[in-house]
Amino acid sequence: MIANNKSTPTNNGRYAIEAKNVNIYYGDFRAVKEVNLQFEPRAITALIGPSGCGKSTVLRAFNRMNDLVPISWMEGEIMFQGKNIYDADVDPVRVRRQIGMVFQKPNPFPKSIYDNVLWGAKINGFKGNADELVEQSLRQAALWDEVKDKLQDSGLALSGGQQQRLCIARTIAVKPEIILMDEPASALDPISTLRIEELIQDLKRNYTILIVTHNMQQAARASDFTAFLNMDEDRAGYLVEYGETDQIFTNPQDELTEQYITGRFG
Amino acid sequence: MIDQPGADLYPQGEAIQAQIKKRHRTGRIWRYLFFTALVLAIITLIVLMLNIINQSFGLVAEQNAVPPNMLVRDYQEGRLLSASNVVTSEDDFYLAEEIGADPQATGFFGYAFFKNNEEQLKALTIDGVAPNAETVNNGEYPLTRPLYIYTTADILNSKPEVAAFVQYYLDNAPAVVKGVGYFPAGTEELNAAKATVANALESGGGTVNPADHAGTIVASGSSTVWPVTSAMSIWFEEDGFAGDVIVERVGTTGGFQDFCYAATTDVDIVNASRPISQLEFEACRSHDREPLEIRIGTDALAVVVNHENDFVSDVSQAELQNLFVETENWSAVNSAWPAAPIRRFIPSEDSGTLDFFVDTVFDTNLEDLPYDSLVEILAGGISLNVGRRLEREQRFYADTLVFEDQATWDEVCAEAEPPAGCTAPPRDQNNVFLLVQERIVQPQFLETWYLWPSLTQRDEIVRTVAEKYPNAEVIFQSWINGQFITSPQSSTPEIAGIRTAILGSLWVIAITFLFSFPLGVGAAIYLEEYADHTKRFNQIIQTNINNLAGVPSIIYGMLGLAVFVRLLEPLTSGAVFGAVESGVTANGRTILSAGLTLGLLILPIIIISAQESIRAVPGSLRQASLGLGATKWQTIWNHVLPNALPGILTGTILSMSRAIGETAPLVVVGASTFITFDPTGPFSKFTVLPIQIYQWTARPQQIFRNLAGAAIIVLLFLLLTMNATAIYLRNRFSKRMG
């Protein structure tokens, strides 16, 4: 167990993942402009910003999910374990295997709870004890006590919050290095949201977490670092300010950041 | 009311409700229109179904060259006569005497003869029912037949001596019938018969004095009733009748033939040991002779053993059968009986009593006779040449020959191209039964009627048949029956079936499915999951597929003819696989060509429906899978396809239903319209149900439309079964998907 490392973005240590001069385009349209970001390992970093500023696009660039959009392409580098994941010889399947993702809307497979957790492990060649893995993953996702008696029930039969935790369990079952979360609580009620936030806090001990959120309180409550993105006049997203969450929320360096977090635009 | 600014732009007060009502009304008009459309659609479908059902059932005037029950009777009598220790005699006295002398003997004859020899014999009860006046009259005792005399009101009125005789007959029936040894009809029945006669008489009847009458009275018919009527005639003459009573024995059927079918007749009274049939009745009526039925009594057979026999007093119907055939010892019939041989004394072959016994006790259908007997019946009714030809087509027994001698057979089979019979397995029960039907029974449907007239004008139809076809029988025919489904096509409608077409349809549809389902789903996966829609090439392909779904099916027929039948002939005829038997090549007009053509026809529909279903799989599922590190193929195979499958299956069901009903392309591809042998594989010639139906409906005779109606029902049934299975599978699958 590695203790929580509260290092600052200026830390020169090894970053979990790093974006260098990233530009992302959809056809001719530039959606993300010149983003440079370094993420601390085993910390929670929140990406905030107004609607359409490209924070989800940035997040999806970290495990090459943007590849699925045929017209999208990018410039720049994303360095992970000393290598640009967009290099020609890197297999996106391998990237996604190590950098997992939890989506905005809970999307469990139409399978049993047990199979939901195990499927990713199975296709990735998991050789250990399946039952143990399922239990361990569900426990880490704080879902075990609720579902241990109905593991063979459909994952779709769970409530929205439970489904999202099942998706998290499924993601951690393949033991990724990094977990990307795209507004994971935005489709949930406040109580479920709170549970997810607590869960994310727990997961920080083992995983590097990048979370996109619309919810300012959530970012303030749940993250160690915060990156604020905004849209310029061409509607391209750019990084405005990045720092420790406390600092961003109490003493923002940029006027825009201050306006945004105090709710004067967004 | 709060005065909202701008509210005056809307209707106010009463007008609000009026305006809302008007909007409701528009909706209601549409609702009624849609409902009318639904009702019309349902009515159309019901009319269609009723029309098909109307054609598939109905009355038939059937005439057999040899009635099947005669064949069965001959066979059963043969079994009786060839049983061990059997003695036959026409003389009932002899039989009674012999049984009376032998404790191990059994036999049967009229109850009268038992009564006359009661001290030496014992009558057995059957299933616990003893023959006596009560059980015989109410039908509890099985071995009985009713006795009647028939005459008409006209004869009674125009010939007073006949009226006098009939009245005398009824007055004295109890005594005479009993005297002869039959069971007289009950008092109530006799009184009813007297009333019938009195009603028919213009004079109203009254007491009869035979001495007042003279002239000739002719009675004809059953030899069973004969003793009663003759005894009655003697009494009548003894009581003073001045004329003659002639009583002839020509059998019940012969009596009715003379009485009902002849243009003129001198028969006044018919003696009958069964009720008049509807056809005979109608034939009589058509000659203005409406028969009056007068029940005079009941005849019963007694199954007897020696009076000293102490081990048997009751037999069941099954034991009764075993008692007279095949078994040798009493113990073989019932283990409680001694192991002594049964000695049987039964009436001889020509006796009506034997016929009656066999008809009642051994009531079997022709198709249920043993294989050997059917072969024997067939051999007895066809020429040696025909027999040889049938044997060369297919043998009757694996080890012995029926028509051909061994030397000729070996010679024929040693030829360069031996007939099929040399190698094919022997015929089976159903096959030989159909041969017997076709060659011996030779049923002929002289005329057929649809269901509606059969129900509403039954009497008229029966009368028409009685007038037009004296030897025909009116039967209710369900055109869908086991024989229709299992028989091959034939130009004789009576024995034609649709097995060939059913098998053809199943083969073709199987090939169609195997060809178009994997190809169609594969193409859809490529187009949806892999193809780059921004590329012009893929757009052109997509447009083409959409257009192909609308191309008329005959065009596919032309395509199939050009490509599969002509161009790929070596492949589709099976030549390259060495599957062509010499002399029977189908030249590419095979099941394979037909299946591939129909496969092409429905391919676009399958592709499009599969594409729709794949597109309907939520993207979030694909992302979830890919986000876990699954490859594209793993995502498609594990998530996209299972989720799209119910939709894909729906499209496939619809297109298969279309394929199974297609006629036009198969006509072009060269389906055979007349073919009597089953398809044996993808390289066989074939026909399919729709083509068979089309061919039958095109014939001028109504009987083929009956066959077509039945075939349509079979096709619909096949279609519904196929769809139901597919829907069941689909639902089970959807459920499993959660």
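What counts, and at which threshold
Residues numbered from 1 in each chain as written. Chains lettered and ligands numbered in written order. Predicted model: local features only at pLDDT ≥ 70, side-chain atom pairs only at ≥ 80, totals over all residues. Heavy atoms only, no water. Helix = DSSP H or I, 4+ residues; strand = E, 2+ residues; numbered from the N terminus. Buried < 20%, exposed > 50% of the residue type's maximum accessible area, 1.4 Å probe, protein only. Contact = heavy atoms within 4.5 Å. Areas by Shrake-Rupley, 256 points an atom, 1.4 Å probe, with all protein chains shown as cover. Lys, Arg positive; Asp, Glu negative; His and termini not counted. Charge placed at Lys NZ, Arg CZ, Asp CG, Glu CD. Rg over C-alpha atoms; globule rule 2.2 N^0.38 Å. Buried area = accessible area lost by both parts, 1.4 Å probe. Salt bridge = Lys/Arg side-chain N within 4 Å of Asp/Glu carboxyl O. Core = buried A, V, L, I, M, F, W, Y, C linked by side-chain atoms within 4.5 Å. Disulfide = S-S within 2.5 Å. Patch = residues over 30% accessible without salt bridge, like charges linked within 9 Å, V, L, I, M, F, W, Y side chains within 5 Å. Domains from an automatic or database assignment. Nonpolar A, V, L, I, M, F, W, Y, C, P; charged D, E, K, R; others polar. Axes fitted to C-alpha atoms, helices over the stretch in contact; angles between N-to-C directions. Left-handed = near helix turned anticlockwise from the far one by under 90°. Phe/Tyr/Trp six-rings, centres within 6.5 Å; stacked < 30°, edge-to-face > 60°. Pairing = 2+ DSSP bridges.

Turning to the overall build of chain B, a few remarks are in order. Each helix and strand counted, chain B has 31 helices and 15 strands in total. Dimensions of chain B along its principal axes, counting C-alpha atoms only, are 115 × 95 × 55 Å. Among the 738 residues that make up chain B, the fraction classed as buried is 46%. Pairs at least 24 residues apart make up 76% of the contacts formed inside chain B by residues separated by at least 6 positions. Carbon and sulfur atoms provide 56% of the accessible area of chain B, an area that totals close to 35600 Å². In chain B, which carries 46 positive and 78 negative side-chain charges, the distance between the mean positions of the two groups comes to 20 Å.

On to the overall build of chain A, then. For chain A, the helix and strand inventory stands at 10 helices and 10 strands. The C-alpha radius of gyration computed for chain A amounts to 18 Å, which stays within 12% of the reference 18 Å derived for 266 residues, consistent with globular compactness. Taken along its principal axes, the extent of the C-alpha atoms in chain A is 55 × 40 × 35 Å. Across chain A, every contact between residues at least 6 apart in sequence was considered, and the portion connecting residues at least 24 apart equals 69%. Looking at chain A as shown, the accessible area adds up to about 11600 Å², and 47% of this sits on carbon and sulfur atoms. With 29 positive and 35 negative side-chain charges, chain A shows a separation of 6 Å between the mean positions of the two kinds.

Across the contact, 24 residues belong to chain A and 17 residues belong to chain B. Taken over both partners, the interface formed by chain A and chain B buries close to 1700 Å², and the fraction arising from carbon and sulfur atoms is 65%. The largest share of the area that chain A buries against chain B comes from Phe109, Pro110 and Trp119 of chain A, three residues that together contribute 30% of it. Between chain A and chain B we count zero salt bridges in total.

Here the focus is the side chain of Thr500 of chain B. Structurally, Thr500 of chain B can be placed in helix H22 (residues 499-530). Each residue touching Thr500 of chain B, except ones within four places of it in the same chain, is listed here: Pro488, Gln489, Ile675, Thr676, Phe677, Asp678, Pro679 and Thr687 of chain B.

All right, on to the nonpolar core then. Residues and elements named next belong to chain B. Leu156 and Val465 are the most contacted members of the largest nonpolar core, which totals 58 residues. Other than its neighbours up to four places away in sequence, Val465 contacts Ala61, Leu279, Trp449, Pro470, Ala472 and Val474. Of all hydrophobic cores here, the second largest spans 43 residues; its members include Phe114, Val129, Val136 and Phe183.

This paragraph deals with the state of the cysteines. All names here are of chain B. Counted according to the given criterion, the structure contains two disulfides over all chains. With its sulfur 2.0 Å from that of its partner, Cys260 forms a disulfide with Cys284. With the S-S dihedral at roughly -70°, the linkage between Cys260 and Cys284 falls on the left-handed side. In this pair, Cys260 is assigned in helix H10 (residues 252-261) and Cys284 in helix H11 (residues 278-286), connecting sequence segments 24 residues apart.

This brings us to a negative patch on the surface. A cluster of acidic residues, Glu237, Glu238, Asp239 and Asp244 of chain B, forms a negative patch on the protein surface. Following the sequence through the fold, Glu238 of chain B ends up in helix H9 (residues 226-238).

This part is about a positive patch on the surface. All names here are of chain B. A contiguous patch of positive charge, built from Lys22, Arg25, Arg28 and Arg31, is present on the exposed surface. Tracing the chain through its elements places Arg25 in helix H1 (residues 14-56). Exposure remark for Arg25: the relative accessible area of 45% places this residue in the partly exposed category.

Residue and element names in this part refer to chain B. A contiguous nonpolar surface patch, about 860 Å² in accessible area, is contributed by Phe35, Leu38, Val39, Ile42, Ile43, Ile46, Val47, Met49, Leu50 and Ile53. Along the chain, Phe35 turns up in helix H1. For Phe35, a relative accessible area of 52% translates into the label exposed.

Attention now moves to the domain arrangement of chain B. Residue and element names in this part refer to chain B. Structurally, chain B comprises domain 1 (68-111 + 318-364), domain 2 (144-300) and domain 3 (499-737). Placing the centre of domain 1 and that of domain 2 at their C-alpha centroids yields a distance of 33 Å. Contact with domain 1, which involves six residues of that partner, is made by five residues of domain 2. Across the interface of domain 1 and domain 2, roughly 460 Å² is buried in total on both sides, 62% from carbon and sulfur atoms. Linking domain 1 with domain 2 are zero salt bridges, by the criterion used here. Contributing elements (two or more residues each) for the side of domain 1 that touches domain 2: strand S3 (105-110) and helix H14 (352-361). Ranked by residues supplied to the side of domain 1 that touches domain 2, first place goes to H14 with three residues. Grouping the amino acids of the side of domain 1 that touches domain 2 by side-chain chemistry returns three nonpolar, three polar and no charged.

Attention now goes to the packing of helix H3 (residues 113-123) of chain A against helix H6 (residues 160-173) of chain A. Residues and elements named next belong to chain A. Direction vectors running N to C along H3 and H6 enclose 35°, while the axes themselves pass 7 Å from each other. Handedness of the H3/H6 crossing: right-handed. Residue-level contacts link Ile113, Asn116 and Val117 of H3 to Leu166, Ala169, Arg170 and Ala173 of H6. Its residues assigned to classes, the contact of H3 with H6 comprises five nonpolar, one polar and one charged.

What follows covers helix H30 (residues 689-697) of chain B. A large share of H30 of chain B lies buried, amounting to seven of its nine residues. What H30 of chain B keeps buried is the set Leu689, Pro690, Ile691, Gln692, Ile693, Gln695 and Trp696 of chain B.

Turning to the packing of aromatic side chains, a few remarks are in order. Residues and elements named next belong to chain B. The full count for this structure, using the stated rule, is 26 aromatic pairs over all chains. Summarising the aromatic geometry, the rings of Phe108 and Phe357 are spaced 3.7 Å apart at their centres and angled 10° between planes, so their arrangement reads as stacked. Here Phe108 is found in strand S3, whereas its partner Phe357 is found in helix H14, with 249 residues between them in sequence. With respect to burial, Phe108 and Phe357 carry one shared label: buried. Ring geometry for Phe513 versus Phe517: centroids 5.1 Å apart, planes at 15°, classification stacked. Here Phe517 and Phe513 lie together in helix H22, a separation of four residues that amounts to about one turn. Residue Phe513 is classed as partly exposed on the basis of its relative accessible area, which comes to 32%. Residue Phe517 is classed as buried on the basis of its relative accessible area, which comes to 19%.

The next point concerns H10 of chain B. One full turn of an α-helix is made of 3.6 residues, so residues set three or four places apart face in the same direction. Among the residues of H10 of chain B, Thr252, Gly255, Phe256, Phe259, Cys260 and Tyr261 of chain B are the ones counted as buried. Those residues of H10 of chain B hidden inside the fold are in contact with strand S6 (144-152), helix H6 (153-158), strand S8 (216-221), strand S10 (269-272), H11 and helix H20 (458-468) of chain B.

So, on to the sheet that holds strand S15 (residues 473-478) of chain B. Residues and elements named next belong to chain B. Read from one edge to the other, the open sheet built from three strands follows the order S14-S1-S15, with strand pairing classed as antiparallel. Whereas interior strands pair on both sides, the edge strands pair on one side only; in this sheet they are strand S14 (444-448) and S15. Pairwise comparison of adjacent strand axes, ignoring direction, gives a mean angle of 45° for this sheet. In terms of strand pairing, strand S1 (residues 57-63) meets S14 through four bridges, oriented antiparallel. Note on S14: the bridge partner recorded for Glu62 is Phe445. Where H20 meets the sheet, it contacts S1, S14 and S15, and its direction lies at approximately 15° from that of S1.

With that settled, the discussion passes to unusual backbone geometry. Keep in mind that most residues, glycine aside, have a negative phi and that most peptide bonds are trans. The phi torsion at Arg42 of chain A lies on the positive side, around 50°, for a residue other than glycine. Residue position: Arg42 of chain A is located in the loop between strand S2 (29-39) and strand S3 (44-48).

Two side chains bearing opposite charge may form a pair once their charged atoms approach each other closely. For the structure on display, the rule yields 29 salt bridges over all chains. Across the salt bridge formed by Glu189 of chain B and Arg295 of chain B, the nearest N and O atoms sit 4.0 Å from each other. Of this pair, Glu189 of chain B sits in helix H8 (residues 187-200) while Arg295 of chain B sits in strand S11 (residues 291-306), and the two are 106 residues apart along the sequence. The class of Glu189 of chain B is partly exposed, set by a relative accessible area of 36%. In the salt-bridge network here, residues are joined through shared partners; they are Lys83, Asp87 and Asp89 of chain A.

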